[in-house]
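# Structural features, examined
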Amino acid sequence: MTTGNEVRLEVENLDLRRLLEQAGIDAAEQKGTQQLQRLLLEELHHRVKNTLATVMAITSQSLRGANSVEEGSRAIENRLLALGRVHDLLLETNWTNTPLAAILKTATDPFDTRGSGRFFVQSSDIEVNSGAVLPLAMVLNELCTNAVKYGALSNTTGRVEITTAVDKSRNQFRLTWVEKGGPMVQGPIRRSFGSQLIEHSFVSQLQGEARLTFEPSGVVCVFDVPLRAQGITIKLMG
C-alpha cells in the first residue's frame, strides 16, 4: 500500500523532473537526481521560512506601532511591496552578489516620483552578499518612507543625499543618508518599527553599526559595516 510520504515524494519527483526538463536536463540520465532534489527542496524550505518570518515581523510590528487599522494596513502593504521588489532584484542576480548601485536604485526609485531628482546617490563600486541585500534594502525603504511622511520628501524642495565609501585601511564600508531642505525635524517620542529596524536589525544581521540622529535640518543616518562581514564584499573588476 502506498503511504502518504511515498505519494508526497512522488509528487516532488514529478515536479523536479518537470523543472529539470524546462532547464533542458534529462533527469533519467543524471546521477544524483534525488540528492539534487533534496538540496533544492531544503534551500527552498529555508528561504520560505525566512520570508515568512520577515512577513510575520512586518505584520505584527506594523500593527503594533499603528494608530489605526487603516494606518497599519497601509504600512504592511508598503513594506510587503518593498519586500517583493527586493526579491525581484535577488532573482535577477540569481541570489548571488548584487551591485550596491542596483540596491540603492531599487530602494529609492519608487519614491523618486517622475524622476524628479530628489535623490543624490554616490555609490561605491562594490557588491553585496545576497544575505545582506534584504536588510539593507528594507532599511533604505524605511528611511524613504519616513522621509515622505515627515522629512525631506514631504515637501517639494527637500532632497536626500546618499553617499558610500570603502575604507580599505580600516576594512570598513560606510553608507551615509542625509536629508536636506525638508521641514524642521524633531525626534520621535517613541521608537517606531522603522527606527528599530534601522538601529537593531541592521546591526544584528550585518554585524555593523547604525547611528540615527534627528537634526533640525533633517534626519541623518550612518551605517558602518566591516568588509569581512557576511554582507559586504569588494567588487573585483574584470
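Residues numbered from 1 in each chain as written. Predicted model: local features only at pLDDT ≥ 70, side-chain atom pairs only at ≥ 80, totals over all residues. Heavy atoms only, no water.

### Points about the overall build of the protein
Under the convention used in this document: Starting at the N terminus, helices and strands are each numbered in turn, a helix being any DSSP run of H or I of at least four residues and a strand any DSSP run of E of at least two. When a residue's accessible area, from a 1.4 Å probe over protein chains only, is under 20% of the maximum for its type it is buried; when over 50% it is exposed; and in between it is partly exposed. Note on definitions: a residue-residue contact is assigned when non-hydrogen atoms from the two residues lie within 4.5 Å. Surface accessibility in these figures is a Shrake-Rupley result with a 1.4 Å probe; residues are shielded only by whichever protein chains are displayed.
Broken down by element type, the protein carries 6 helices and 8 strands. Listing every helix and strand of the protein by position from the N terminus yields α-α-α-β-α-β-β-α-β-β-α-β-β-β. Counting over 238 residues, the protein shows a buried share of 37%. Residue pairs at least 24 apart in sequence account for 65% of intrachain contacts in the protein once pairs closer than 6 positions are excluded. In the form shown here, the protein has an accessible surface area of approximately 14,100 Å², with 54% of it arising from carbon and sulfur atoms.

### So, the sheet that holds strand 6 (residues 209-215)
The pairing of strands in a sheet comes from backbone hydrogen bonds and takes either a parallel or an antiparallel form. Rules: DSSP calls a pair of strands paired once it identifies at least 2 bridges connecting them. Between N-to-C directions, angles cover 0 to 180 degrees, with each direction set by a line fitted to C-alpha atoms, over the stretch in contact for helices.
As summarised here, the arrangement of the 5 strands in space is 2-4-5-7-6, forming an open sheet in which the pairing is mixed. At either margin of the open sheet sits one strand with a lone partner, and together these are strand 2 (119-122) and strand 6. The average angle at which neighbouring strand axes cross in this sheet is 10°, direction not considered. Taken together, the 7 bridges between strand 6 and strand 7 (residues 218-226) define a ladder with antiparallel strand orientation. Within strand 7, the residue paired with Glu215 across the bridge is Gly218. On top of the sheet, helix 4 (residues 100-108) reaches strand 2, strand 4 (159-167) and strand 5 (172-180); it is set at about 160° to strand 4, its chief contact.

### Observations regarding unusual backbone geometry
Phi at Asn94 is positive, roughly 60°, even though this residue is not glycine. Take Asn94: its relative accessible area is 62%, and that puts it in the exposed class. In the Ramachandran plot, Asn171 falls in the positive-phi region, its phi being about 55° despite a non-glycine side chain. Tracing the sequence through the fold places Asn171 in the loop between strand 4 and strand 5.

### Observations concerning helix 5 (residues 130-149)
Because each turn of an α-helix spans 3.6 residues, side chains separated by three or four positions in sequence point in the same direction. Note the cut-off: Helix span is expected to be 1.5 Å times the residue number reduced by one. As used in this structure description, the phrase polar contact means that two N or O atoms lie within 3.5 Å; if the pair is within protein, one of them must be able to donate a hydrogen and the other to accept it, and residues adjacent in sequence are counted only when both atoms belong to side chains.
Taking 1.5 Å of rise per residue, 20 residues should cover 28 Å, and helix 5 covers 30 Å from first to last C-alpha, within 8% of that figure. Within helix 5, 14 of the 20 residues are buried, which leaves the element mostly enclosed by the surrounding structure. Of the residues that open helix 5, the one with a side-chain oxygen 2.8 Å from the backbone nitrogen of Gly131 is Asn129.

### Here we look at the packing of aromatic side chains
Selection criterion: Any pair of Phe, Tyr and Trp rings, taking the six-membered ring for Trp, is counted once the centres come within 6.5 Å. Such a pair is stacked with planes under 30 degrees apart, edge-to-face with planes over 60 apart, and tilted for the rest.
What the rule picks out here adds up to 1 aromatic pair. Note on Phe119 and Trp177: the rings are 6.4 Å apart at their centroids and 65° apart in plane angle, and the pair reads as edge-to-face. Of this pair, Phe119 sits in strand 2 while Trp177 sits in strand 5, placing them 58 residues apart in sequence. Using a relative accessible area of 0% as the deciding quantity, one classes Trp177 as buried.

### Considerations on helix 4
What counts is decided by this rule: Directions from the helix axis toward the C-beta atoms define the arc.
Looking at helix 4, one finds that the buried residues are Leu100, Ile103, Leu104, Ala107 and Thr108. On an axial view of helix 4, the arc spanned by its buried residues comes to 115°, and they lie on one face.

### Regarding the packing of helix 4 against helix 5
What counts, and what does not: Rotating anticlockwise by less than a right angle from the far helix to the near helix defines a left-handed crossing, while the corresponding clockwise rotation defines a right-handed one. When residue character is reported, Ala, Val, Leu, Ile, Met, Phe, Trp, Tyr, Cys and Pro are called nonpolar, Asp, Glu, Lys and Arg charged, and the others, Gly included, polar.
The interhelical angle for the contact between helix 4 and helix 5, taken along N-to-C directions, is 40°, at an axis separation of 9 Å. Helix-helix and strand crossings are classified by hand; for helix 4 and helix 5 the assignment is right-handed. Note on element contacts: helix 5 touches helix 4 through Val133, Leu136, Ala137, Leu140 and Cys144, opposite Leu100, Ile103, Leu104, Ala107 and Thr108. The residue makeup of the contact of helix 4 with helix 5, split by class, is 9 nonpolar, 1 polar and no charged.

### Concerning the pairing of strand 4
Note: strand 2 against strand 4, 4 bridges, orientation parallel. Paired with Phe120 across the two strands is Glu161, which belongs to strand 4. Of the pairings in the sheet, the one linking strand 4 to strand 5 comprises 9 bridges and is antiparallel in character. Bridged to Ala165 within strand 5 is Arg174. Count of turn residues in the strand 4/strand 5 antiparallel hairpin: 4 residues, of which Asn171 carries a positive phi of about 55°.

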